[in-house]
Amino acid sequence: MLSDKQFIRIAGIIGQSGTCERLHVGAVLTIDRRIISTGYNGAPAGMLHCYHAPLDDRPCERTVHAEANAIAFAARNGVSTGGAVLYTTHSPCVTCARLIINAGIMEVIYEQVYRDVRGINELKAVGIRTGQNIGPILPTVSTERGDGESLHPGQPSDEGIKTAGTADPDIDSGRGTGV
């Protein structure tokens, strides 16, 4: 059975295919510890890729985000995302968080905090479990339990993991750490 660490690593590999030069993001959707869909950020099919000049930090206006692409691919192929776990290289933006909520995804595990933490706050507000690995790249990102590694509020988590309900003044205040 694949671990959270392996799913995050796979999301990173998927993200390398991203066509947005500013930030490469990958996402993996799983059910019962099996991959059901993947996505990376880039222009919609058939459209020109976006271009960012060096040091241009403006948000891309053409890119479809990795999480949205993973959800869209599942929908296009008739694969239910209800009860799924999403692994992503960056925490979701607010728009993707709303798609995640409506897609019935129950847990989001991310490697890095995106510069805007409103998405994390919205996920937490509706009870979707969230977790972030902190520290060295790709450590184990959640605690082991009998049927796999899944976050559970109130249970102890591995060192270096932020879970829903963990006091983090940057995330809770909406300041974020930036990416």
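A few points on the structure. (Residues numbered from 1 in each chain as written. Predicted model: local features only at pLDDT ≥ 70, side-chain atom pairs only at ≥ 80, totals over all residues. Heavy atoms only, no water.)

**Focus on the overall build of the protein**
Next, step 1: Broken down by element type, the protein carries five helices and eight strands.
Next, step 2: Ordered by position from N to C terminus, the α and β elements of the protein give α-β-β-α-β-α-β-α-β-β-β-β-α.
Next, step 3: Put simply, the protein has 179 residues, and 45% of those count as buried.
Next, step 4: Within the protein, contacts between residues at least 6 apart in sequence are counted, and of these 55% link residues at least 24 apart. (Helix = DSSP H or I, 4+ residues; strand = E, 2+ residues; numbered from the N terminus. Buried < 20%, exposed > 50% of the residue type's maximum accessible area, 1.4 Å probe, protein only. Contact = heavy atoms within 4.5 Å.)

**Side note on the side chain of arginine 33**
Next, step 1: Take arginine 33: it is sitting in the loop between β1 (26-31) and β2 (34-40).
Next, step 2: Among the polar contacts made by the side chain of arginine 33, one reaches the side chain of tyrosine 87 at a distance of 3.1 Å. (Polar contact = N/O pair within 3.5 Å; in protein donor to acceptor, adjacent residues only side chain to side chain.)

**Structural notes on helix α2 (residues 66-76)**
Next, step 1: When α2 is considered as a whole, its buried residues turn out to be Ala66, Glu67, Ala68, Ala70, Ile71 and Ala74.
Next, step 2: Buried residues along α2 sit in contact with β1, β2, β3 (85-90) and α3 (94-102).

**Overview of the packing of α3 against helix α4 (residues 118-125)**
Next, step 1: Where α3 meets α4, the axes come as close as 7 Å, and the angle between the chain directions of the two elements is 25 degrees. Taken together, α3 and α4 sit at an angle that is classed as roughly parallel. The interaxial crossing formed by α3 with α4 has right-handed handedness. Residues Val94, Ala97, Arg98, Ile100 and Ile101 of α3 form the contact with α4, whose own contacting residues are Arg118, Gly119, Glu122 and Leu123. (Axes fitted to C-alpha atoms, helices over the stretch in contact; angles between N-to-C directions. Parallel < 35°, antiparallel > 145°, perpendicular 65-115°, else oblique. Left-handed = near helix turned anticlockwise from the far one by under 90°.)

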